[in-house]
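Listed below, chain by chain, are the residues.
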Amino acid sequence: MSRRRIPRNVSRGNAVRVAGGVGAALGAAQLAAAAGVVAVDQIRKRRTAPSEDWPSTDPAPVDVVGSTVTTYTSGTDLFPDMLAAIREAEHTVYFETYIWKSDEIGQQFKDALIEATRRGVQVYAVYDGFANLVVSPRFYRFPAGMHVLRFPLFRPRLLPHMRQFGRDHRKILVVDGRVGFVGGYNVGDDYAHRWRDTHVRVEGPAVWELENEFVDHWNAHREEHHPTIHDTGAAAWEASIRAAGNAPSRMLFPVRGLYLNAIDRAQHRIYITQAYFIPDHEILTDLLAAAKRGVDVRILVPEFSNHVLADWVARGYYTELLRGGVTIWLYQGAMMHAKTATVDGRWSTVGTANIDRLSLFGNYEVNLELYSDDHAAHMEAVFERDLSNCRQLTLQEWEQRGRPARIAERLLNPLHPFM
């Protein structure tokens, strides 16, 4: 009896249908896992009120090759100084933020910028359109003469590639070319009172680093009715303090490079503080290699961030990190939103970029990089103070987590390219 042969196109069709069914099932499982962790997090938030009391370090000025760098770890210290700088402006104000709330502090910034415009200061302001969709459009009405760019939600003229749709996640303020601010703080009441973050103030020649970042970004993305800002070039070159700006539309991602370079050089200690820590393969590999050669590698993150899915995706890396000798410290009672690192008491960075795919490959970001023993020593002191409000996640505790948690981690970890 001859054996009946199954047509090849039929077997291929069955394979495609099976693969489609498996994909649909996986997608449904991921959706269910995401919905589950979000629901649990909402219950936790209702039961646990955020704290407004955590250890902070007083602003301390440090000289870095002729520029003064002051580090802020409290919005109640930072925002008054930023507002004072705007109110003292005589010539130009460059203001850029990811989130600009229409609450009391947001209104204070709006009033200060409008007042500066009315006394003849050239004011340029940028805010992200997507990040502020929940804010009433009426808040973003400004007088004639004030130059305002709402970084667009959609940019259809660009190629349909993920990197072409990055958000403007930067936070910069530069006044009269004499003082500049950069860091993780958005503008709003919550960020002043209920979030732990880090910003720096720069005075002196290095202000140009932040001014140049704003000018280049404005000129690249301004609309036709916006004026071009004159690019002056650097009055002095100083490699010890420099700004690195990610520009996805131009395929430039220097922030990732500065992290990789510093981690690769480390001999003694690496202290990293992040809001969302989802390292790519190279950063993960370099951190594990550093730990293997005896470097004290510490990662400080919030135990519960404001993006619960990012927390769960990050947990997919904890096993490898903990087994590799990296220690993980969970910040308690408040949203830790800082994006900082220090290595060997010699190098440090403060800025807007998280160690995740969105910041390092997708969004517009800016980090200040500093080669300064004095500034690194101050950042290490800040880190040690933050540790006093953390609990250490041990490998023993982590490996005792339940089966449902392990399943959720496996289902959600493939989402890391979107985080």
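Here's a quick rundown of the structure.

Conventions we followed
- Residues numbered from 1 in each chain as written.
- Predicted model: local features only at pLDDT ≥ 70, side-chain atom pairs only at ≥ 80, totals over all residues.
- Heavy atoms only, no water.
- Helix = DSSP H or I, 4+ residues; strand = E, 2+ residues; numbered from the N terminus.
- Buried < 20%, exposed > 50% of the residue type's maximum accessible area, 1.4 Å probe, protein only.
- Pairing = 2+ DSSP bridges.
- Axes fitted to C-alpha atoms, helices over the stretch in contact; angles between N-to-C directions.
- Expected span 1.5 Å × (residues − 1).
- Contact = heavy atoms within 4.5 Å.
- 1 Å grid on protein atoms, 1.4 Å probe; cavity = no way out; pocket = protein on both sides within 12 Å on 5 of 7 lines; lining within 4 Å.
- Points joined across faces, edges and corners; volume = space filled by probe spheres on them.
- Nonpolar A, V, L, I, M, F, W, Y, C, P; charged D, E, K, R; others polar.
- Right-handed = clockwise from strand over helix to strand, strands pointing away.
- Patch = residues over 30% accessible without salt bridge, like charges linked within 9 Å, V, L, I, M, F, W, Y side chains within 5 Å.
- Areas by Shrake-Rupley, 256 points an atom, 1.4 Å probe, with all protein chains shown as cover.
- Salt bridge = Lys/Arg side-chain N within 4 Å of Asp/Glu carboxyl O.
- Core = buried A, V, L, I, M, F, W, Y, C linked by side-chain atoms within 4.5 Å.
- Parallel < 35°, antiparallel > 145°, perpendicular 65-115°, else oblique.
- Left-handed = near helix turned anticlockwise from the far one by under 90°.

A separate point is the overall build of the protein. Helices and strands together make up the secondary structure of the protein, namely 13 helices and 18 strands. The buried share among the 419 residues of the protein stands at 54%.

What follows deals with unusual backbone geometry. For residues besides glycine, phi is generally negative; the peptide bonds are generally trans as well. Although it is not a glycine, V65 adopts a positive phi angle of roughly 40 degrees. As for its position among the elements, V65 is in the loop between β1 (60-64) and β2 (67-72). We note that D344 has phi near 60 degrees; this positive angle belongs to a residue other than glycine. For D344, the location among the structural elements is in the loop between β15 (340-343) and β16 (347-351).

Moving on, we come to the sheet that holds strand β12 (residues 296-302). Backbone hydrogen bonds hold the strands of a sheet together, and the pairing may be parallel or antiparallel. Judged by pairing direction, the sheet is mixed, and its eight strands sit side by side in the order β10-β17-β16-β15-β11-β12-β13-β18 without closing on themselves. The two strands at the open ends of the sheet, each matched to only one other strand, are β10 (241-246) and β18 (390-393). Each neighbouring strand pair of the sheet contributes to a mean axis angle of 20 degrees, computed without reference to strand direction. Two strands pair when backbone bridges link them, and strand β11 (residues 269-273) and β12 are joined in this way by five bridges, in the parallel orientation. By the bridge assignment, R269 is partnered in β12 with D296.

A word on helix α11 (residues 373-387). Helix length check: α11, at 15 residues, gives a terminal C-alpha distance of 21 Å against a target of 21 Å (1.5 Å per residue), a fit within 8%. All of the buried residues along α11 are H375, A376, H378, M379, E380, V382, F383, D386 and L387.

To continue, consider the side chain of H147. Mapped onto the secondary structure, H147 falls in strand β5 (residues 147-151). In this structure, H147 is in contact with Q122, V123, Y124, A125, W218 and P227, ignoring residues within four places of it in sequence.

With that settled, consider the sheet that holds strand β6 (residues 172-175). If you walk across this open sheet you meet the eight strands as β1-β2-β9-β7-β6-β3-β4-β5, and the pairing is mixed. Since the sheet does not close on itself, it has two edges, and those belong to β1 and β5, each with one partner. Taking the axes of each pair of neighbouring strands and ignoring which way they run, one obtains an average angle of 15 degrees across the sheet. In the sheet, strand β3 (residues 92-97) pairs with strand β4 (residues 122-128) via six bridges, with the strands oriented parallel. Within β4, the position partnered with E96 by the bridge is V126. Each of β2, β3, β6, β7 (179-183) and β9 (199-203) touches helix α2 (residues 75-87); the most contacted strand, β7, lies at about 145 degrees to it.

Scanning the model with the defined rule gives two cavities of 30 Å³ or more in all. Each pocket or cavity is described by its volume, and for the largest cavity that value is around 70 Å³. In this structure, the largest cavity is lined by R196, T198, Y271, T273, A338, T340, A341, T342, M379, V382, F383 and D386. Where the lining of the largest cavity is concerned, the elements lending two or more residues are β11, β15 and α11. Sort the elements by how many residues they give to the lining of the largest cavity and α11 lands first, with four residues. A class-by-class count of the residues in the lining of the largest cavity yields six nonpolar, four polar and two charged. If you add up the space inside the second largest cavity, you get close to 50 Å³. In terms of lining residues, the second largest cavity is bounded by F79, M82, F95, E96, T97, K171, I172, L173, Y185, N186, V187 and H199. Secondary structure elements with two or more residues in the lining of the second largest cavity: α2, β3 and β6.

Of all seven residues in β4, six are buried; the element is thus mostly enclosed. Following the chain from β3 across helix α3 (residues 104-118) to the adjacent parallel β4, one finds a crossover that is right-handed. Note that β4 and β5 share five bridges and pair parallel. For A125, the partnering residue across the bridge sits in β5 and is V148.

Once that is clear, we can look at a nonpolar patch on the surface. A contiguous nonpolar patch, built from F130, L133 and V134 and spanning about 330 Å² of accessible area, is present on the exposed surface. Positionally, L133 belongs in the loop between β4 and β5.

One finds V93, W100, F109 and I270 to be the most contacted residues of the largest nonpolar core, which totals 88 residues. Those residues in contact with F109, other than ones at most four positions away along the chain, are F79, M82, L83, I86, F95, W100 and V187. Residues L149, V182, W218 and I241 belong to the second largest nonpolar core, which totals 26 residues.

Right, let's talk about the packing of helix α6 (residues 254-265) against helix α7 (residues 281-292) for a bit. Remark: α6 packs on α7, axes separated minimally by 9 Å, with the N-to-C direction vectors making an angle of 15 degrees. By the angle between their axes, α6 is roughly parallel relative to α7. α6 and α7 meet at a crossing whose hand is left-handed. Residues R256, L260 and I263 of α6 form the contact with α7, whose participating residues are E282, I283, D286, L287 and A290. When the residues that make up the contact of α6 with α7 are grouped by side-chain class, the tally is five nonpolar, no polar and three charged.

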